[in-house]
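Single-letter residue listing:
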Amino acid sequence: MRTNTDYSAYIPEYCQLVLGILNDSGYEAYVVGGAVRDIIAGEVPADYDLATSALPEEVSKAMRDAGIKSIMDHAAKHGTITVMADGHSVEITTFRTDGEYSDNRRPDSVSFTRSLETDAARRDFTVNSLYLSADGIIKDPMKGEDDIEAGLLRAVGKPELRFAEDALRILRALRLASTKGFMIEKATAEAMREHAPLLKNISGERIHAELTGIVTGKYASDVIREYVDILGVIIPELLPMKGFDQHSVYHHLDVLEHTLAVLDGIPLEEDGRRSEELALAALFHDIGKPETFYIDKKGAGHMDDHPEAGCRIAGRVADELRFSNHLKENLLQLILLHDEFVAPDRISVHRLMVSYPAAFLDKLAILQRADILAHSELGRQRIKRLEAITGLRAELTAEGACLSIRELKISGDDLVAAGIPAGHKIGESLRMLMNAVIEERISNDKDELIGYAMKLFRENE
Ligand code: ATP
Ligand code: MG
């Protein structure tokens, strides 16, 4: 919590400008929602939303009269006007109340109101229902400040009604718990569980946005452990992971606990989140285990094809939740290779570096490290191999190792000039040269390459 409670100091200039214009025109205007929550909690808000008693057309007029040039009113019907103030885009939403929710997703209609209390009542959680005026006064009709202090997420009004209206709020709650560390108040959590099946009515894109927040948040493992039953509505294959005994000397944890330990092992980045790709890869890397599991005659558990099964499951989820192609491809590749370790020698590692971009191998190494460290003492010994591979990658990179045919110090034209006939022989020669460089039979030096190419050519004639 902040010790300096003159909260006006935390409102950026460009928001003060817009609040000032609205106040000078005789309207109430506030910073609202997540930004106020973050300011009180001592964090820096990601963005600032404004709420006002002015009707959308009144907002537009006040802005125009004050000389604001860029005023976008395409969402005026829902109460939102977007303006550019000092180069920042700001959303100004009129106090409103939401009509019926016939599809558990969106209000069928909205109506505007001059009452801040009425506006507060349509918001999702008490901690998101705070209003901060330009002069630093907090309005808190839902007692959200007490809940911020207690670290509690509590639905505004009757939780059952609020989650039935809009099931996405269930995932918003998990996202806020994961990114901000809120605990979820008991009646709110119960209503979330009860209404979780309604998540089936929510679009893939909207689920994806919240799922990203849930898996990348600092407290993701705690939230997934406690609410795996809710996440199981979206990804049913998570459910059998809980309590699934691997019957393996390499594992001391069940599949879900192992998975959460891997997720915890993915480092937080500068913004306090994990990379989405890596967090999802951690979540899905062993999701194929329960369905591929069998016990051999000696009583040991095996799950040989679990990376392929995991790819299939993650691929389906990626399509359902509309992941970008880039995210999907990288995610599946990470899952597929998470258990693969090349021999820790220069040639094998060089081949690996030729096959995959460095950025991908960096990510794979982070995942593999987190995975290995979430094994039993015996399983953790594999870390030596990973470290040897990583060391060899660094060594080869420092040497400027040749990573593609394009990086060979010779071209097809050079080979033709040296007397090798143009055509398919050239491509074949370049591939053989690349292979000889990887295997360290020759170095990537023009004279050596030409000499070697001519020798091969003569031998094959
Ligand atoms: P973030 O810090 O990620 O921006 P936020 O709480 O500001 O979190 P937004 O999606 O920016 O989330 O929404 C702004 C505000 O609008 C929320 O704080 C909340 O008051 C209200 N709100 C957003 N989505 C809903 C919803 N589905 N139901 C009710 N109120 C909502
Ligand atoms: Mg926000």
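Residues numbered from 1 in each chain as written. Chains lettered and ligands numbered in written order. Predicted model: local features only at pLDDT ≥ 70, side-chain atom pairs only at ≥ 80, totals over all residues. Heavy atoms only, no water.

An α-helical segment advances 3.6 residues per turn. Residues three or four places apart therefore align on the same side. The buried fraction of helix H13 (residues 276-284) amounts to eight of the nine residues, a majority that puts the element mostly inside the structure. Looking at the buried positions of H13, the neighbouring elements they touch are helix H9 (204-216), helix H10 (220-226), helix H12 (255-265), helix H15 (306-320), helix H16 (325-337) and helix H18 (358-373). (Buried < 20%, exposed > 50% of the residue type's maximum accessible area, 1.4 Å probe, protein only. Helix = DSSP H or I, 4+ residues; strand = E, 2+ residues; numbered from the N terminus. Contact = heavy atoms within 4.5 Å.)

A few words now on the pattern of salt bridges. When the charged atoms of two side chains lie near each other, side chains of opposite charge can form a pair. Summed over the entire model, instances satisfying the criterion amount to 36 salt bridges. The residue Arg 175 makes a salt bridge to Glu 210 at a minimum N-O spacing of 2.8 Å. Of this pair, Arg 175 sits in helix H7 (residues 168-180) while Glu 210 is found in helix H9, placing the two residues 35 residues apart along the sequence. Exposure remark for Glu 210: the relative accessible area of 7% places this residue in the buried category. For Arg 369, the salt bridge is made with Glu 387, and the minimal N-O distance between the two is 3.5 Å. In this pair, Arg 369 is assigned in helix H18 and Glu 387 in helix H19 (residues 383-398), connecting sequence segments 18 residues apart. For Glu 387, a relative accessible area of 45% translates into the label partly exposed. Members of the salt-bridge network, linked through shared partners, are Arg 37, Asp 38, Glu 43 and Lys 180. (Salt bridge = Lys/Arg side-chain N within 4 Å of Asp/Glu carboxyl O.)

Okay, the pairing of strand S4 (residues 80-85) next. Burial runs high along S4: five of the six residues are buried. Two elements, S4 and strand S5 (residues 88-94), share six bridges in a ladder whose sense is antiparallel. Bridging from a neighbouring strand, Val 83 pairs with Val 90 of S5. Connecting S4 to the next strand, S5, in antiparallel fashion are two residues, including Asp 86 with a positive phi near 50°. (Pairing = 2+ DSSP bridges.)

Another aspect to go through is the packing of aromatic side chains. Enumeration according to the criterion identifies seven aromatic pairs in this entry. On the basis of an interplanar angle of 20° and a centroid distance of 6.4 Å, the ring pair of Tyr 30 and Phe 95 is categorised as stacked. Linking Tyr 30 in strand S1 (residues 29-32) with Phe 95 in the loop between S5 and strand S6 (96-98), this pair joins segments that are 65 residues apart in sequence. Each member of the pair, Tyr 30 together with Phe 95, is buried. With a centroid separation of 5.2 Å and an interplanar angle of 85°, the aromatic rings of Phe 244 and Phe 293 are classed as edge-to-face. Linking Phe 244 in the loop between helix H11 (228-234) and H12 with Phe 293 in the loop between helix H14 (289-292) and strand S12 (294-295), this pair joins segments that are 49 residues apart in sequence. (Phe/Tyr/Trp six-rings, centres within 6.5 Å; stacked < 30°, edge-to-face > 60°.)

In space, the seven strands of this open sheet follow the order S3-S4-S5-S2-S1-S8-S9, with mixed pairing throughout. The open sheet has two free edges, formed respectively by strand S3 (71-72) and strand S9 (138-139), since each of these has just one partner strand. As judged from the four bridges shared by S1 and strand S2 (residues 49-52), these two strands associate in the antiparallel manner. Looking at S2, one finds that Val 31 is bridged to Leu 50. Here helix H1 (residues 13-24) sits on the sheet and contacts S1, S2, S4 and S5; the angle it forms with S1, its principal contact strand, is near 145°. The strands touched by helix H3 (residues 56-65) within the sheet are S2, S3, S4 and S5, with S4 carrying the most contacts at an inclination of about 15°. (Axes fitted to C-alpha atoms, helices over the stretch in contact; angles between N-to-C directions.)

Val 31, Met 63, Leu 174, Ile 184, Ile 235 and Phe 284 are the most contacted members of the largest nonpolar core, which totals 111 residues. Ranked by size, the runner-up nonpolar core spans 19 residues in total, among them Ile 442, Tyr 452, Ala 453 and Met 454. (Core = buried A, V, L, I, M, F, W, Y, C linked by side-chain atoms within 4.5 Å.)

To continue, consider the domain arrangement of the chain. Per the domain assignment, the segments making up the chain are domain 1 (8-150), domain 2 (264-398) and domain 3 (405-460). Taking only C-alpha atoms into account, the centre of domain 1 sits 44 Å from that of domain 2. (Domains from an automatic or database assignment.)

Put simply, the largest pocket is a space of about 1,600 Å³. Mapped onto the lining of the largest pocket, the elements with two or more residues apiece are helix H2 (34-40), S2, S4, S5, S6 and H7. Take the lining of the largest pocket: its biggest share by element is seven residues, from H7. Residue composition of the lining of the largest pocket, by class: 16 nonpolar, eleven polar and 22 charged. Looking at which domains feed residues into the lining of the largest pocket, each of domain 1 (8-150) and domain 2 (264-398) supplies at least three. In this structure, the second largest pocket occupies an estimated 470 Å³ of space. Lining of the second largest pocket is provided by 23 residues; of these, Ser 248, Tyr 250, His 251, Asp 339 and Arg 382 occupy positions nearest its centre. Sorting the residues of the lining of the second largest pocket by element identifies strand S13 (301-302), H15 and H18 as the ones contributing at least two each. Considering only residue class, the lining of the second largest pocket consists of six nonpolar, ten polar and seven charged. (1 Å grid on protein atoms, 1.4 Å probe; cavity = no way out; pocket = protein on both sides within 12 Å on 5 of 7 lines; lining within 4 Å. Points joined across faces, edges and corners; volume = space filled by probe spheres on them. Nonpolar A, V, L, I, M, F, W, Y, C, P; charged D, E, K, R; others polar.)

This next bit is on the environment of Gly 213. By the secondary structure assignment, Gly 213 is in helix H9. Taking the relative accessible area as the measure of exposure, Gly 213 reaches 7% and is therefore buried. Setting aside anything within four residues of it in sequence, one finds Gly 213 in contact with Arg 175, Ser 178 and Thr 179.

On the surface, Val 249, Tyr 250 and Leu 378 cluster together to form a nonpolar patch covering roughly 290 Å² of accessible area. Residue position: Tyr 250 is located in the loop between H11 and H12. For Tyr 250, a relative accessible area of 44% corresponds to the partly exposed category. (Patch = residues over 30% accessible without salt bridge, like charges linked within 9 Å, V, L, I, M, F, W, Y side chains within 5 Å. Areas by Shrake-Rupley, 256 points an atom, 1.4 Å probe, with all protein chains shown as cover.)

What follows covers the site of ligand 1. Within the structure, ligand 1 sits among 13 residues, and Arg 37, Asn 128, Asp 166, Arg 169 and Arg 175 are positioned closest to it. One nitrogen or oxygen atom from the main chain of Gly 34 is found 3.2 Å from an oxygen atom belonging to ligand 1. Broken down by element, the shell around ligand 1 gets its largest block of residues, three residues, from H7. A class-by-class count of the residues in the shell around ligand 1 yields no nonpolar, three polar and ten charged. (Near = heavy atom within 4 Å. Polar contact = N/O pair within 3.5 Å; in protein donor to acceptor, adjacent residues only side chain to side chain.)

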